[in-house]
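Read off the chains here:
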Amino acid sequence: MDKILITGAGGQLGTELTHMLAQVYGKKAILATDLSPEAEEKLEEIPFQTLDVMDQSSFASLIHKEKVTQIYHLAAILSATGENHPQKAWRLNMGSLLTVLELAREKPLQKIYWPSSIAVFGPNTPRHNTPQSCIQDPQTVYGISKQAGERWCSYYHLKYGVDVRSLRYPGLIGAKSLPGGGTTDYAVEIYHKALEGQPYTCFLKKDQELPMMYMPDAIKATLSLMEADASQIHIRSSYNISAMSITPDQVYQSILAHLPGFEISYEPDYRQAIAENWPCSIDDSKAREDWGWKPSFDLPRMTEDILYHLPHYFPHLHELPN
Ligand code: NAD
Ligand code: SER
């Protein structure tokens, strides 16, 4: 019997992934956890407990008590917030991953999922069609923690046989949840402003191209990776995955096609410097070859879907005019 514990379950990714895991495995098989007790409200009837992943002994007792077989370790501090709290971001992102990997080694958990990010790349990385293996010189503490985390995942697999799996997500864009301090958050905020009937001020430049992915594709990729037979997983650091490469102007134009009065202006801030050191596009051929990755959403399809669904999850937003 599977028992799946999710950390950071109240976050942008966690909220949607936890609901999908509950749908696939059944609510009783899920234990959602988060530092914030408010996360429980977002997770409806799914079993929930507060957990600070920095509290190693509570974490270990919960795994033992609940006979956990898999962990999806999502709790982290993202790139933009991390630059404001570098020591805290390093301690949380690195310390908690090492706790999870040690738990997996000592109490044989069947599988671990841990997300990495395009933030592992830096200014000397090839920016277009960034290969799976190339120079990684991250400039943010978040990127450094993800780069080091990838090495630790690979190490625990090689040394101890831990079945840990990972994806380097691009910027994630969801309709059901709000982002938590990333450089790619503009691509969620912009849809909310559009449906509030307000102009949007973007914190990145108009032509800043970044790899992005609609949340249903991110969830599909995560489940496909976790359900793949271990013999199909040839990369134990983290897989490149990709769906679309887009600029703020392209997102704006795609919304304008549905909401002709929508306005945007640009006031780049410190997040622009972070974005400039990340890839524009990603080569995800290894994920396609190894476990059959293929995205479903491009920008026009995503925009249509988000604008249609957002008012359902955020009732203060206006519905699209017919
Ligand atoms: P988020 O900021 O929305 O959520 C993080 C969650 O972790 C929050 O609910 C927060 O309360 C919780 N948390 C923080 N400190 C904690 C602690 N000490 N103990 C327990 N919980 C704690 O982030 P997200 O966007 O959902 O990202 C989830 C994971 O995916 C992260 O590892 C992130 O690096 C990775 N990722 C996200 C993106 C993206 O675009 N959102 C892209 C690449 C990778
Ligand atoms: N989307 C994330 C961020 O902006 C990248 O991991 O921090």
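Whatever comes next refers back to the structure up there.
To keep things clear, this report deals only with the structure shown in the data block. Bear in mind the structure is a predicted one, so any value in this text is a computation, not a measurement. (Residues numbered from 1 in each chain as written. Chains lettered and ligands numbered in written order. Predicted model: local features only at pLDDT ≥ 70, side-chain atom pairs only at ≥ 80, totals over all residues. Heavy atoms only, no water.)

The next point concerns the site of ligand 2. The immediate surroundings of ligand 2 are formed by Leu 78, Ser 79, Ser 117, Tyr 142, Gly 171, Gly 182, Thr 183, Thr 184 and Trp 278. Measuring from an oxygen atom of ligand 2, one finds a side-chain N or O atom of Ser 117 at 2.6 Å. Here a nitrogen atom of ligand 2 and a side-chain polar atom of Thr 184 are 2.7 Å apart. When the free accessible area of ligand 2 is taken as 230 Å², the share hidden by the protein chains comes to 93%. (Near = heavy atom within 4 Å. Polar contact = N/O pair within 3.5 Å; in protein donor to acceptor, adjacent residues only side chain to side chain. Areas by Shrake-Rupley, 256 points an atom, 1.4 Å probe, with all protein chains shown as cover.)

Further remarks concern the site of ligand 1. The local shell around ligand 1 holds 27 residues, among which Gln 12, Leu 13, Asp 34, Tyr 142 and Leu 172 are the closest. Asp 34 has a polar side-chain atom sitting 2.6 Å from an oxygen atom of ligand 1. One of the backbone N or O atoms of Leu 172 is found 2.9 Å from an oxygen atom in ligand 1. Relative to its free-state accessible area of 830 Å², ligand 1 is covered by the protein chains to the extent of 89%. Those elements that place two or more of their residues in the shell around ligand 1 are helix H1 (12–25), strand E6 (116–117), helix H6 (141–160) and strand E9 (171–173). No other element matches the three residues that H1 contributes to the shell around ligand 1. Across the shell around ligand 1, the residue classes break down as 14 nonpolar, ten polar and three charged. (Helix = DSSP H or I, 4+ residues; strand = E, 2+ residues; numbered from the N terminus. Nonpolar A, V, L, I, M, F, W, Y, C, P; charged D, E, K, R; others polar.)

Time to look at H6. Spanning 20 residues, H6 covers 27 Å between terminal C-alpha atoms, matching the ideal 28 Å at 1.5 Å per step. For H6, the set of buried residues is Val 141, Tyr 142, Gly 143, Ser 145, Lys 146, Gly 149, Glu 150, Cys 153, Ser 154 and Tyr 156. Along its buried surface, H6 packs onto helix H4 (79–84), helix H5 (86–106), E6, strand E7 (164–165) and strand E8 (167–169). At the C-terminal side of H6, Gly 161 shows a positive phi close to 70 degrees. (Expected span 1.5 Å × (residues − 1). Buried < 20%, exposed > 50% of the residue type's maximum accessible area, 1.4 Å probe, protein only. Contact = heavy atoms within 4.5 Å.)

Moving on to the pairing of strand E2 (residues 30–34). Taking burial as the measure, the five residues of E2 include five buried ones, the bulk of the element. Because side chains alternate across E2, one face comprises the buried residues Ile 30, Ala 32 and Asp 34, and the other comprises Leu 31 and Thr 33, equally buried. The pairing of strand E1 (residues 4–7) with E2 spans three bridges and is parallel. Paired with Ile 4 across the bridge in E2 is Ile 30. In this view, the connection linking E1 to its parallel neighbour E2 by way of H1 has right-handed handedness. Relative to strand E3 (residues 48–50), E2 is paired through three bridges, and the arrangement is parallel. Residue pairing in the sheet places Ala 32 in a bridge with Phe 48 of E3. (Pairing = 2+ DSSP bridges. Right-handed = clockwise from strand over helix to strand, strands pointing away.)

The relative placement of two packed helices comes down to the angle between their axes together with the axis-to-axis distance. Interaxial distance between helix H9 (residues 248–256) and helix H12 (residues 299–313) falls to 9 Å at its minimum, and their mutual angle equals 55 degrees. One way to sum up the angle between H9 and H12 is to call them oblique. Of the two elements, H9 crosses H12, and the hand of that crossing is right-handed. On H12, the residues touching Gln 250, Val 251, Ser 254 and Ile 255 of H9 are Leu 299, Thr 303 and Leu 307. Residues of the contact of H9 with H12, tallied by class, amount to four nonpolar, three polar and no charged. (Axes fitted to C-alpha atoms, helices over the stretch in contact; angles between N-to-C directions. Parallel < 35°, antiparallel > 145°, perpendicular 65-115°, else oblique. Left-handed = near helix turned anticlockwise from the far one by under 90°.)

It is worth spelling out the pattern of salt bridges at this point. Applying the stated criterion across every chain, the model contains eleven salt bridges. Between Lys 193 and Glu 196 there is a salt bridge; the shortest N-O distance is 3.6 Å. One end of the pair is Lys 193 and the other is Glu 196, both in helix H7 (residues 186–196) and three residues apart, which spans about a single turn. When the shortest N-O distance is used, the salt bridge between Asp 269 and Arg 271 registers 2.6 Å. (Salt bridge = Lys/Arg side-chain N within 4 Å of Asp/Glu carboxyl O.)

What follows concerns the sheet that holds E3. With respect to topology, six strands assemble into an open sheet ordered E3-E2-E1-E4-E5-E7, the strand pairing being parallel. For this open sheet the edge positions go to E3 and E7, each flanked by a neighbour on one side alone. In terms of strand pairing, strand E4 (residues 70–73) meets strand E5 (residues 111–113) through three bridges, oriented parallel. In the strand pairing of E5, Tyr 72 is matched with Tyr 113. Across the face of the sheet, H1 comes into contact with E1, E2 and E4 while running at roughly 170 degrees to E2. Of the strands in this sheet, E1, E2, E3 and E4 touch helix H3 (residues 56–65), which is tilted by about 155 degrees from E1.

What follows covers the sheet that holds E9. Strand order in this open sheet of three strands is E9-E11-E13, and the pairing throughout is mixed. Strand pairing shows two members of the sheet lacking a second neighbour, E9 and strand E13 (244–246), which therefore form its edges. In this sheet, adjacent strand axes meet at a mean angle of 45 degrees when their direction is disregarded. Pairing of E9 with strand E11 (residues 210–214) involves three bridges; the strand directions are parallel. Its bridge partner lying in E11, Gly 171 is registered against Met 212.

A few words now on the environment of Phe 59. Its location among the elements puts Phe 59 in helix H3. Phe 59 sits in the buried class, given a relative accessible area of 0%. Aside from chain neighbours lying at most four places away, what touches Phe 59 is Leu 5, Thr 7, Leu 51, Val 53, Ile 71, Thr 99, Val 100 and Leu 103.

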